[in-house]
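# Geometric and topological summary
Here are the chains, one letter per residue:
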Amino acid sequence: MKKSYILLLCIFSITLLGCDKDDDNLTGPIPFPSPSPSPGPTPVVDVTAPQIQVYDPTADDTFLSIGALSVYVYAIDNVAIKDPKVFLIDPTGARTPISSLYLNTFESSKERSLTGVIKVGGNLSGLYTILVEAEDLSQNKSQVTVPVNIIAEDLASLDFKTAFMASGWFEQSDWNTGYLDLERFNIAFYWILNQNAWDYNIHPEYVDKFGEDFGQHKQLWSKWDVNKNGYLENSELNNGMADLKFFELWDVNQDKMITEEELADGVAILWDVNKDNIVDAKEFVDKLTEYFLLL
Ligand SMILES: [Ca+2]
Ligand SMILES: [Ca+2]
Ligand SMILES: [Ca+2]
Ligand SMILES: [Ca+2]
């Protein structure tokens, strides 16, 4: 009864005033006047500077000036951060921005990380510093420094192990873990065998040369390419590497991980061609340059 009364009223009011949905409230409670808008959240003053973590390089590690220096830095802020900046400071104090690092993407505006591989270059040996600066959107700044030793002397003047461990090759391959497990070990050697990062073909002559240079194995390719399709499948690489027994023999403490030192000692045995327990410059310089100085 009430409903048809409202309907009637509506029909009546359409002609005079127009009728809309709000009229459903005709019988509803009288609304309170809406309260004045509540004040917004008090703006928080950000006084906390970002935190920086340097995963690579490790403090006090040693690198050849012609080798690869891997850099991996991460910064996080409590609110929002700008892109961090990374500098190289040489022993004279000269500061050069490292602009070739890749900025990794994060969904969060609080985080940034930069990775890449640089070559220090030049002929100045000594203590260098990697300086990382981070700043948030409220101009709070923080910085972290990591000292590294750089060797700029001629390779031929160095002993093998020093030169090998300063090549930076290991740091590019260990995914910041400090060791290579079997899988990473084989992948690292795949990248040695694959001279061209843009194609996945591995050239038979190069595999043969690798065999000669790492223990005088003859015609390694024909042994490795078991299905004779001219292509090195993953399983062929893994089986081929297993046949060479590098991982097994070089893992001296048998913990199924190869450290940088175990790797250096393992290669040293193969490269000491005249078996006098010294890897001299003639024995290692060309090979180190070819296989482990990848830049
Ligand atoms: Ca902050
Ligand atoms: Ca094959
Ligand atoms: Ca080991
Ligand atoms: Ca020797």
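Below is a short write-up of the structure. Worth saying up front: this structure is predicted, and the values here are computed from it rather than measured.

Cut-offs used in this document
- Residues numbered from 1 in each chain as written.
- Chains lettered and ligands numbered in written order.
- Predicted model: local features only at pLDDT ≥ 70, side-chain atom pairs only at ≥ 80, totals over all residues.
- Heavy atoms only, no water.
- Salt bridge = Lys/Arg side-chain N within 4 Å of Asp/Glu carboxyl O.
- Phe/Tyr/Trp six-rings, centres within 6.5 Å; stacked < 30°, edge-to-face > 60°.
- Helix = DSSP H or I, 4+ residues; strand = E, 2+ residues; numbered from the N terminus.
- Buried < 20%, exposed > 50% of the residue type's maximum accessible area, 1.4 Å probe, protein only.
- Lys NZ or Arg CZ within 6 Å of the ring centre and 35° of its normal.
- Arc of directions from axis to C-beta.
- Contact = heavy atoms within 4.5 Å.
- Axes fitted to C-alpha atoms, helices over the stretch in contact; angles between N-to-C directions.
- Nonpolar A, V, L, I, M, F, W, Y, C, P; charged D, E, K, R; others polar.

## Overview of the pattern of salt bridges
One pass over the structure, following the stated rule, counts 9 salt bridges. Put simply, Lys161, Glu261 and Asp265 are held in one network by salt bridges that share partners.

## Some details on the packing of aromatic side chains
This structure, assessed with the given rule, holds 25 aromatic pairs. Ring centres of phenylalanine 160 and phenylalanine 164 lie 5.5 Å apart, and the angle between their planes is 40°; this geometry places the pair in the tilted category. On the criterion of helical spacing, the pair formed by phenylalanine 160 and phenylalanine 164 is a turn pair, its members being 4 residues apart in helix 2 (residues 160-165). Taking relative accessible area as the criterion, phenylalanine 160 reaches 4% and is therefore assigned buried. Taken together, a centroid distance of 6.2 Å and an interplanar angle of 55° make the contact between phenylalanine 189 and phenylalanine 246 tilted. Taken together, the residues span a long stretch of sequence, with phenylalanine 189 in helix 4 (residues 182-193) and phenylalanine 246 in helix 8 (residues 246-250) at a distance of 57 residues. Here phenylalanine 189 and phenylalanine 246 have matching classes, each one buried. If you follow arginine 95 out to its NZ or CZ, it ends over the ring of phenylalanine 87, 4.1 Å from the centre. In this arrangement the basic side chain of arginine 184 is found over the ring face of tyrosine 179, its NZ or CZ atom lying 5.0 Å from the centre.

## Describing helix 7 (residues 234-244)
Turning to helix 7, its buried residues number three or more, namely Glu236, Leu237, Gly240, Met241 and Leu244. Down the axis of helix 7, the smallest arc covering the buried residues is 130°, so these residues share one side. Turned more than 90 degrees off the buried face of helix 7, the exposed positions are Asn234, Asn239 and Asp243. In this structure, the buried side of helix 7 is in contact with helix 4, helix 5 (204-213), helix 6 (220-224) and helix 8. One or two steps after helix 7, the chain reaches lysine 245, where phi turns positive at roughly 65°.

## Some details on the packing of helix 4 against helix 5
Contact geometry of helix 4 with helix 5 gives a least axis separation of 10 Å together with a crossing angle of 120°. Facing helix 4, whose interface residues are Phe189, Ile192 and Leu193, helix 5 presents Tyr206, Val207 and Phe210. A class-by-class count of the residues in the contact of helix 4 with helix 5 yields 6 nonpolar, no polar and no charged.

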